[in-house]
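Notes for the structure review
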Amino acid sequence: MTDSKYFTTTKKGEIFELKAELNSDKKEKKKEAVKKVIASMTVGKDVSALFPDVVNCMQTDNLELKKLVYLYLMNYAKSQPDMAIMAVNTFVKDCEDPNPLIRALAVRTMGCIRVDKITEYLCEPLRKCLKDEDPYVRKTAAVCVAKLHDINAQLVEDQGFLDTLKDLISDSNPMVVANAVAALSEIAESHPSSNLLDLNPQSINKLLTALNECTEWGQIFILDCLANYMPKDDREAQSICERVTPRLSHANSAVVLSAVKVLMKFMEMLSKDLDYYGTLLKKLAPPLVTLLSAEPELQYVALRNINLIVQKRPEILKHEMKVFFVKYNDPIYVKLEKLDIMIRLASQANIAQVLAELKEYATEVDVDFVRKAVRAIGRCAIKVEQSAERCVSTLLDLIQTKVNYVVQEAIVVIKDIFRKYPNKYESVIATLCENLDSLDEPEARAAMIWIVGEYAERIDNADELLESFLEGFHDESTQVQLQLLTAIVKLFLKKPTETQELVQQVLSLATQDSDNPDLRDRGYIYWRLLSTDPVAAKEVVLAEKPLISEETDLIEPTLLDELICYIGTLASVYHKPPSAFVEGSRGVVHKSLPPRTGSSESAESPDTAPSGGPAADQPSVIPTQGDLLGDLLNLDLGPPVSGPPMATSAVQMGAVDLLGDSLMGGSGGSFTPAPSTTAPTNVGAPLGSGLGDLFDLTGGVGTLSGSYVAPKTVWLPAMKAKGLEISGTFSRQVGSISMDLVLTNKALQVMSDFAIQFNRNSFGLAPAAPLQVHAPLAPNQSVEITLPLNTVGSVMKMEPLNNLQVAVKNNIDVFYFSTLYPLHILFVEDGKMERQMFLATWKDIPNENETQFQIKDCSLNADAVSSKLQGSNIFTIAKRNVEGQDMLYQSLKLTNGIWVLAELRIQPSNPSFTLSLKCRAPEVSQYIYQAYETILKN
């Protein structure tokens, strides 16, 4: 009789009957009762009331009954922790049972009972099991350590279990080794900074020995661990590769991919001239090909990984093109992935085969697949120059089929072919123009309009064709409207006499009748260019276009290197690093390939030097506008358009906000000194005092509250601003923020009529009063001004967060610059949180919002640190000493109400401090850390 009968009963009063059966003297009856309890638990009934009765059944020699009771315990221990303690004695006893299966069962169950109260009772039995003579018990105990670490990490470290785990790596039994590696890897993932898996050539040798004998999952754990090892030279890398290669013929695809990952990583260290390098390339192809004979889901995972491998080392699979040909019964997701790899492997040697295959695909019934196949033909033409002609004639054949979506895709790719091979295949334009009426997709219409505009001089009726598109201008998508505008301007510059009306029509449609800011901006720029300097317009609009590159969809090299390190994981299927999709990815370590040996390429090219050096702190000066913007200023554009987020380039910055009416005063330029959005003048000042007091205060005393003020730096050099040099800094005193400026006139004429305006910024900083320069500024004269600021201006998130774009006007011109303000000027005076509130908030903010930083070379003690930070409104709420380390718990509040909580760890002998920040807006943490560094080091 099977056990299904236990799931069929639904009697009332069952709990009472079960209780009686559980306490029966007959062993068989007891076992039956426990099975019924487990069955009820499995279908979701609450049988927790029977806890004491079930626990009593633990005292038995019957292994099956014991397993069932342990299963029940794991399920209900969390909801009944006090009752679960009753079972502890039995665990301890079972861990000394003569039967190794019972010892292992006890230790496995102990690891699964996630109850804090019980964990300390389990340490002794676990310690014994880790040193047990039976390997089955030891391997189970190894995994139990990882589970215990998840519940109480501190306990595991104090009890020395981690060292015991490290010793197990040298165990004589391969399964114990594999489980020890798996447990240590799991623990190391949650603590990336701890160097748990301290691998050396000796331990690597032991892992490789165990690799041949353990189960497939054990092999995967060991291979993944090997992939994190960095061999000391190419000989060691080669020896590891030789011992891993046999895993490529394993039946389990996960083992194969893990082996491929190790080999791909260590191949970086092998010289390409080695015979072994060539042998290894040959050995890698067959296992990858074999993966493609599995079921579709596995094929897809294999294909996504092969896609990465082909981008890194196309030579591995260059002779295996046929495997990637699509089968009629492949699911669409496999077909599309195979197509992608076919294009990556296309070369002069196999292009004829590939094209014949792609032409076949273009007549399939699956629309998405056909589109991708047509696009693939275009990509082949761009990649393999010798095949371009055949590709174009194939595309023309496909256009003749008159199948709408095929025609549209073909036109889109032919546009790219024209870009790659100018003046070569333009004879086909006539055929393309015949299909104008059938185009209804924006991308195809835009491509066709581009072709007509670009080759207008070869198309007799180009103006008629473009005019036909213009009739429904407002119904077109933005992409088509922008293309049409540019094409008609190109046509006008090539045939000015015939198309005067057409260009006027499109410019007025784009500028006066359109709501789209991009379209209006482009329209105005063309209008201004054509009306002032047609020659310049010709140079700009009809400039030589750069040839398009071959592979536009390759993964960026550093990301590719990182993804190669994640072959066989989800990251290799998503083609994204784990940090992009793992929640709370603090624990995710960025991996990269070892530097190549035997090649002249350095690991990092000079033009990708790491950012964040001294250059990052320099204020970037936005270049002055040329005549074009000067003309634009005279145009009355109406109220400023709220366009897309503002870039820091001159044109965009000029055209959107800082050139709005408030600063430029419309077309004539009558100037309003302060922006219209600012609050009443005394907002920035302390209560009960006017701005006069504020100015006196700064003039007389310097910083009153002890908040750090950085020395002034040059924000706008004289050569960029027609002789006006502006240097400055930011300060905060008694609750008021100010910008301390020095204006120097290095020109030969007097400067007057100064005014200032800020662009929208992350924290709403804006001038609280006009810029007051009381007397005209004579040549070679300087004036110091303190401009009070408030934080009630318009808010827009900037990149970086503390970027401030400023416009200053005088009688000569308007000048733009941008600078970075230190975040500590925004720390408010009431940023001290109550202790209880601090504790509750710290717990409430999710752990993934916590970021850690190191503050190096700081030799202050805890009290000095605390008082120095308090001067800048970072308040210490509590201080305690843990094992000789001083821990400061601090809080601060920004002007926009964001609270930031901090834990600062200071070791008396160590000049490096550890700063942990928690905040509901984690993007500010980096800037808070910079503020800490600035304050503590100055």
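Up top is the structure these notes are about.
Summarised in this report is the structure supplied together with it. Since the structure is predicted, the reported quantities are computational estimates derived from the model, not experimental observations.

**Overview of the pairing of strand 13 (residues 913-919)**
Residues in a regular strand project their side chains so that they alternate between the two faces of the sheet. Among the 7 residues that make up strand 13, 7 are buried, leaving the element largely enclosed by the rest of the structure. Residues Phe-913, Leu-915, Leu-917 and Cys-919 point to one face of strand 13 and Thr-914, Ser-916 and Lys-918 to the other, with burial holding for every one of them. In this structure, strand 9 (residues 850-855) lies alongside strand 13, joined through 6 bridges in antiparallel fashion. Across the sheet, the residue bridging to Phe-853 is Leu-915, located in strand 13. Relative to strand 13, strand 12 (residues 899-906) runs antiparallel, the two sharing 6 bridges. Each residue of the ladder has a partner; that of Leu-904, found in strand 13, is Leu-915.

**Considerations on the pairing of strand 2 (residues 724-733)**
In terms of burial, strand 2 is largely enclosed, as 10 of its 10 residues are buried. Residues Leu-724, Ile-726, Gly-728, Phe-730 and Arg-732 line one face of strand 2 and the alternating positions Glu-725, Ser-727, Thr-729, Ser-731 and Gln-733 line the opposite face, and both faces are buried. Relative to strand 2, strand 1 (residues 713-716) runs antiparallel, the two being bridged by 3 bridges. Directly across from Val-714, in strand 2, lies its bridge partner Ser-727. Where strand 2 hands over to strand 3 (residues 736-745), the hairpin turn is made up of 2 residues, of which Val-734 adopts a positive phi near 45 degrees.

**Focus: the sheet that holds strand 10 (residues 875-882)**
With antiparallel pairing, the 5 strands of this open sheet are ordered in space as 9-13-12-11-10. Unpaired on one side and paired on the other, strand 9 and strand 10 mark the two borders of the sheet. Shown here is a sheet whose adjacent strand axes are inclined to one another by a mean of 20 degrees, direction ignored.

**Some words on the nonpolar core**
Of all hydrophobic cores here, the largest spans 212 residues; its most connected members are Tyr-72, Val-244 and Phe-418. Contact partners of Val-244, with chain neighbours within four places excluded, come to Leu-208, Leu-211, Leu-223, Leu-226, Ala-259, Val-262 and Leu-263. By size, the runner-up hydrophobic cluster in this structure holds 62 residues, among which are Leu-724, Leu-804, Val-808 and Phe-817.

**Description of the sheet that holds strand 4 (residues 755-758)**
Across the sheet, which stays open at both edges, the 3 strands sit in the order 4-7-8 with antiparallel pairing between neighbours. With partners counted over all chains shown, the strands left at the sheet margins are strand 4 and strand 8 (814-820), one partner each. Across the sheet, the mean angle from the axis of one strand to that of its neighbour is 25 degrees, orientation sign disregarded. In this sheet, strand 8 lies alongside strand 7 (residues 803-809) in antiparallel orientation, the contact comprising 7 bridges. Within strand 8, the position partnered with Ala-807 by the bridge is Tyr-816.

**Things to note about the environment of Ala-862**
One can find Ala-862 in helix 38 (residues 862-870). On the basis of relative accessibility, which here comes to 3%, the residue Ala-862 falls in the buried class. The sequence separation of Ala-862 and Met-887 amounts to 25 residues, and the corresponding C-alpha distance is 8.3 Å. Among residues more than four places away in sequence, those in contact with Ala-862 are Lys-879, Asp-886, Leu-888 and Ile-906.

**Comments concerning a negative patch on the surface**
The grouping of Glu-464, Glu-467, Glu-471 and Glu-501 at the surface amounts to a negative patch. Taking the relative accessible area as the measure of exposure, Glu-471 reaches 71% and is therefore exposed.

**Regarding the pattern of salt bridges**
Note on pairing: side chains with opposite charge can pair once their charged atoms come close. All told, the structure shown has 34 salt bridges when counted by the stated rule. Close ionic contact of Glu-268 with Lys-312 constitutes a salt bridge, the shortest N to O distance being 3.6 Å. Placement of Glu-268 in the loop between helix 16 (253-267) and helix 17 (275-291) and of Lys-312 in helix 18 (residues 296-312) is noted, with a sequence separation of 44 residues between them. A salt bridge links Asp-813 to Lys-722; the nearest nitrogen and oxygen atoms lie 2.7 Å apart. Taken together, the residues span a long stretch of sequence, with Asp-813 in the loop between strand 7 and strand 8 and Lys-722 in the loop between strand 1 and strand 2 at a distance of 91 residues. For Lys-722, a relative accessible area of 48% gives the class partly exposed.

**Describing the state of the cysteines**
Across all of its chains, the model carries 0 disulfides by this definition. Here Cys-380 is not disulfide-linked; the sulfur of Cys-391 is the nearest cysteine sulfur, at 5.7 Å.

**Looking at helix 19 (residues 332-345)**
Here helix 19 spans 20 Å end to end across 14 residues, near enough to the 20 Å set by a 1.5 Å rise per residue. Counting buried residues in helix 19 gives 11 out of 14 residues, a clear majority hidden from the surface. Taken together, the buried positions of helix 19 are occupied by Val-334, Lys-335, Glu-337, Lys-338, Leu-339, Asp-340, Ile-341, Met-342, Ile-343, Arg-344 and Leu-345. Buried residues along helix 19 sit in contact with helix 18, helix 20 (351-361) and helix 21 (367-383).

**Quick word on the packing of aromatic side chains**
Here the structure, examined in full by the defined rule, presents 11 aromatic pairs. Aromatic side chains Tyr-300 and Tyr-333 sit 5.5 Å apart centroid to centroid with 90 degrees between the ring planes, which places their arrangement in the edge-to-face category. Placement of the pair is Tyr-300 in helix 18 and Tyr-333 in helix 19, with a sequence separation of 33 residues. Judged by its relative accessible area of 24%, Tyr-300 falls in the partly exposed class. Relative to Phe-817, the ring of Trp-715 has its centre 6.0 Å away and its plane inclined at 25 degrees; by these criteria the two rings are stacked. Placement of Trp-715 in strand 1 and of Phe-817 in strand 8 is noted, with a sequence separation of 102 residues between them.

Conventions we followed
Residues numbered from 1 in each chain as written. Predicted model: local features only at pLDDT ≥ 70, side-chain atom pairs only at ≥ 80, totals over all residues. Heavy atoms only, no water. Buried < 20%, exposed > 50% of the residue type's maximum accessible area, 1.4 Å probe, protein only. Helix = DSSP H or I, 4+ residues; strand = E, 2+ residues; numbered from the N terminus. Pairing = 2+ DSSP bridges. Axes fitted to C-alpha atoms, helices over the stretch in contact; angles between N-to-C directions. Core = buried A, V, L, I, M, F, W, Y, C linked by side-chain atoms within 4.5 Å. Contact = heavy atoms within 4.5 Å. Patch = residues over 30% accessible without salt bridge, like charges linked within 9 Å, V, L, I, M, F, W, Y side chains within 5 Å. Areas by Shrake-Rupley, 256 points an atom, 1.4 Å probe, with all protein chains shown as cover. Salt bridge = Lys/Arg side-chain N within 4 Å of Asp/Glu carboxyl O. Lys, Arg positive; Asp, Glu negative; His and termini not counted. Charge placed at Lys NZ, Arg CZ, Asp CG, Glu CD. Disulfide = S-S within 2.5 Å. Expected span 1.5 Å × (residues − 1). Phe/Tyr/Trp six-rings, centres within 6.5 Å; stacked < 30°, edge-to-face > 60°.

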